[in-house]
Amino acid sequence: MENPASSQLPADASADMNQITQDAPLFVHSRSLTRLVVGGIGLFMDELWSRLEEWETTTDRQVREMLPAAQQDGISPARKGAVGVRESGSAVVTARRAMIGMIFQAEDNIRYSVAQAGRIGRLIEKSVSPLLKPLARLPLIKPAKRRYDQLVARGEMELASWIKTGEEQELSSRILMTRALSETIDAFFDYLAANPSVRDLVQTQSTGLANEVVEEVRERTVSADTFLEGIARGIFRKTPRVEVPAPSPEVKIKAASLRSIHQRGKKRLQ
Amino acid sequence: MNQTQGQTAPIITDLQGYYAGFISRVLAFIIDAIIIALTITVFNWIVWVTLDTLSTGIFLGISANKIPGVGPVIDFLRDSFLIGFLSALFILLYHVFFTYFAGQTPGKALLGLRVVAVEGKRVSVVRSLLRYLGYFVSAAPLFIGFFWVLIDDQRQGWHDKIARTYVIYTWEARPDERFLSKELYILSSHHRRGSSQ
């Protein structure tokens, strides 16, 4: 792909750059590391922006829900802040809020100042350039002007070259980082799957979880047994039970000697 | 579980060996019903696919219906009455087999319940069979025989009474304490109302 800016370059400089690119080996440590870092930052920033956007939306909604109606209607933000400070009554909270407020207001101020500076710059350029035009036509100024134009062209060429490299490298960096991430995760899981102690742990955890679920269900059904029985006995006007009926000792002994499959499994696990 | 009237906090010991209640038993029954239904469905599907394959000749290009004497056998096997009979037999065997050999069906095993004879012995084949047949007696008058568990002192259904069996908890059953506090409140308010009348 021909860079539009490179047409303004001296022919030998452009040829040298092409030669460097073509001669560069396919794998260079530093380049790959740079790509990895750039790709990582790119992916991280993308992820961060999308999360931040989501969090901001949720937070705004939550704040609106939490604020009393009086604060939402007809009270200025500054006044809202004052109300909040008075409500908290703690010096530490007040200081923290003041700090946060200062940071955000500083950010607003910077943004405003930058915009102002840009506007002022454009205004100055507009008003000064008609005055400078006759001066630029003077023969004495011409060499300096040529030199200045050359510098500008070189700067533009550099910028265009950076953009082109950035365009090419961003994509390969992202691909490299994505691949590095997915392969690392795969390798990690392979390691986990191959590791006998981890496998045992997962197995024990799964069985333990199943046992816990069964136990929870049993507990609830036992409670429900008594509860429903109480209601049924109430309907039939029978005396409510104050204790669960106990069978004969022979039956109880039998129950103790006959452990269920679930309990045997649990004991084995322990 | 010895909680006398007037005590506010119950003494919760484990209920191992105590009579099992209605909900636990119903839940165990539902689990068994699901297992039975799935088994019968899969079995029926296999039988139907096999018979269809044989009669249409998809498998070897020969229709089994054309072989003398085989056609009526296939028709007989396809008969819904036979399938119904086999299903009923399977349900019976499921209950009798598991109750006799293990003292519990898979559903009961999951819920930690066991069927024992009133003498505390293992359940015999005859009692298992009687217990199964007792299900029909319990179900016939609008399932009253099953609901009897709710009001009976030994938590026996009619089928238990017929077969002289109990269903007991085999695990260290312990009611959920949050749940129990609610139910004890309801029970005590019931009792207060009863005594004031």
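Scroll up to find the structure.
Please read all numbers here as calculations on a predicted model, not as lab measurements.

Student: I'm lost on the pattern of salt bridges in this one. Help?
Tutor: Oppositely charged side chains may form a pair once their charged atoms are brought near each other. Considering all chains together, one arrives at 13 salt bridges over all chains under this definition. Ionic pairing is found between R51 of chain A and E47 of chain A, a salt bridge with its closest N-O pair at 2.9 Å. Here the residue R51 of chain A and the residue E47 of chain A both occupy positions in helix α2 (residues 29-66), the gap between them amounting to four residues, near one helical turn. Given the relative accessible area of 38%, R51 of chain A is considered partly exposed. Note that E229 of chain A is salt-bridged to R155 of chain B, the shortest N-O span being 2.7 Å. Here the residue E229 of chain A occupies a position in helix α7 (residues 196-235), and R155 of chain B occupies one in the loop between α6 (144-151) and α7 (158-163), the pair thus bridging two chains.

Student: Hey, could you run me through the nonpolar core in this one?
Tutor: Looking at soluble globular proteins, one finds that nonpolar side chains tend to be buried together. Core analysis: the largest hydrophobic core is formed by 14 residues, its most contacted members being V222 of chain A together with L15, L113, Y169 and A173 of chain B. Secondary structure elements with two or more residues in this core: β1 (113-117) and β2 (165-169) of chain B. Among the nonpolar cores identified, the runner-up in size contains six residues, and V251 of chain A together with Y19, V118 and Y166 of chain B belong to it.

Student: What should I look at first to understand a nonpolar patch on the surface in this one?
Tutor: Residue and element names in this part refer to chain A. Among the surface-exposed residues, I120, I124, V128, L132, L135, L138, L140 and I141 lie close enough to one another that they form a single nonpolar patch of about 740 Å² accessible area. Within the secondary structure, L135 is located in helix α5 (residues 91-136). Residue L135 is classed as partly exposed on the basis of its relative accessible area, which comes to 44%.

Student: Is there a simple way to explain the packing of aromatic side chains in this structure?
Tutor: Aromatic rings in a pair are described by how distant their centres are and how their planes are angled relative to each other. Residue and element names in this part refer to chain B. Across all of its chains, the model carries 15 aromatic pairs over all chains by this definition. Ring geometry for F29 against F146: centres 6.2 Å apart, planes inclined by 50 degrees, an arrangement best described as tilted. Highlighted residues: F29 in helix α1 (residues 22-56) and F146 in helix α6, separated in sequence by 117 residues. Judged by centre distance (4.9 Å) and plane angle (70 degrees), the ring pair of Y100 and F101 falls under edge-to-face. Taking relative accessible area as the criterion, Y100 reaches 27% and is therefore assigned partly exposed. Ring-pair connections join several aromatic residues into one group, and the members of that group are F29, Y132, Y135, F136, F143 and F146. Between R122 and the ring centre of Y100, over which it is positioned, the NZ or CZ distance is 5.1 Å.

Cut-offs applied
- Residues numbered from 1 in each chain as written.
- Chains lettered and ligands numbered in written order.
- Predicted model: local features only at pLDDT ≥ 70, side-chain atom pairs only at ≥ 80, totals over all residues.
- Heavy atoms only, no water.
- Salt bridge = Lys/Arg side-chain N within 4 Å of Asp/Glu carboxyl O.
- Helix = DSSP H or I, 4+ residues; strand = E, 2+ residues; numbered from the N terminus.
- Buried < 20%, exposed > 50% of the residue type's maximum accessible area, 1.4 Å probe, protein only.
- Core = buried A, V, L, I, M, F, W, Y, C linked by side-chain atoms within 4.5 Å.
- Patch = residues over 30% accessible without salt bridge, like charges linked within 9 Å, V, L, I, M, F, W, Y side chains within 5 Å.
- Areas by Shrake-Rupley, 256 points an atom, 1.4 Å probe, with all protein chains shown as cover.
- Phe/Tyr/Trp six-rings, centres within 6.5 Å; stacked < 30°, edge-to-face > 60°.
- Lys NZ or Arg CZ within 6 Å of the ring centre and 35° of its normal.

Scope: geometric values only; no functional claims are made or implied.
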